Amino acid sequence: MRTSPLLCLEIELASWHTLKALAKTLKAARLAVQDALPVSLQPIAQKAQVTLLLTSDKKIRALNKAYRGVDKATNVLSFPQYERKDLPAAARLSPDVLYLGDIAATWGVVIKESKAEGKMPLHHVTHLFIHGLLHLWGYDHDTPARASRMEKMERQIMKTLDLPDPYILGVRQKRT
């Protein structure tokens, strides 16, 4: 039986409430990421919990500076609780819920990038959430091969959700 993974959505900035179907779309994205994971991670994914903080540029800039030493706002940050190799052991120690980590996204950068790239803000934040989730599962883009693998997964997950390819810029996207 497929269970719904846990998503804790924390909205700190009222502007995020202007995106219609935000919570529904993010929950669907969470399930789509779960379905895209390797079979070996499926049992863990069914009990994994994540928090998505939707916040301001000021807050994400402070987080970026504190945790990465970069004094500027960025579109999304991920804070994995475990390294991928440690997930099976952590899951055995957490029989009910495994806290996978935190993701933070910022309104200002998301809106600015959406306009510049011809994307719908809801589609862009959904892609960033998917990207962040994949980081929590141990995926990365630190080498060309790993970047290609991660990008391919992101594209496939977006396609599963019937959302546009996030790496095609300037294409007029349908409204959701």
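### Considering the packing of aromatic side chains
No. 1: Under the defined criterion, the tally for this structure stands at 2 aromatic pairs.
No. 2: Aromatic pair Tyr67 and Phe79: ring centres 5.1 Å apart, planes at 70°, arrangement edge-to-face. Remark: Phe79 occurs in strand β3 (residues 76-80) and Tyr67 occurs in helix α3 (residues 57-68); sequence separation between them is 12 residues.
No. 3: Exposure remark for Tyr67: the relative accessible area of 58% places this residue in the exposed category.
No. 4: For the cation-ring pair, Arg84 lies above Tyr139, with the distance from its terminal atom to the ring centre recorded as 4.6 Å.

### Some points on the layout of surface pockets
No. 1: By volume, the largest pocket is sized at about 400 Å³.
No. 2: What lines the largest pocket is a set of 16 residues, and nearest its centre among them are Arg68, Ser78, Pro80, His135 and Asp140.
No. 3: Put simply, the parts of the chain that give the lining of the largest pocket at least two residues each are α3, β3 and α6 (121-136).
No. 4: Examining the composition of the lining of the largest pocket, we find that 5 residues originate from one element, β3, more than from any other.
No. 5: Considering only residue class, the lining of the largest pocket consists of 7 nonpolar, 6 polar and 3 charged.

### A word on unusual backbone geometry
No. 1: Located in the positive-phi region is Ala21, a residue other than glycine, with phi close to 65°.
No. 2: Relative to the helices and strands, Ala21 resides in the loop between β1 (6-11) and α1 (22-36).
No. 3: At Asp162, a position not held by glycine, the phi torsion is positive, near 60°.
No. 4: Mapped onto the fold, Asp162 is located in the segment after α7 (144-160).

About the criteria used
Residues numbered from 1 in each chain as written. Predicted model: local features only at pLDDT ≥ 70, side-chain atom pairs only at ≥ 80, totals over all residues. Heavy atoms only, no water. Phe/Tyr/Trp six-rings, centres within 6.5 Å; stacked < 30°, edge-to-face > 60°. Helix = DSSP H or I, 4+ residues; strand = E, 2+ residues; numbered from the N terminus. Buried < 20%, exposed > 50% of the residue type's maximum accessible area, 1.4 Å probe, protein only. Lys NZ or Arg CZ within 6 Å of the ring centre and 35° of its normal. 1 Å grid on protein atoms, 1.4 Å probe; cavity = no way out; pocket = protein on both sides within 12 Å on 5 of 7 lines; lining within 4 Å. Points joined across faces, edges and corners; volume = space filled by probe spheres on them. Nonpolar A, V, L, I, M, F, W, Y, C, P; charged D, E, K, R; others polar.

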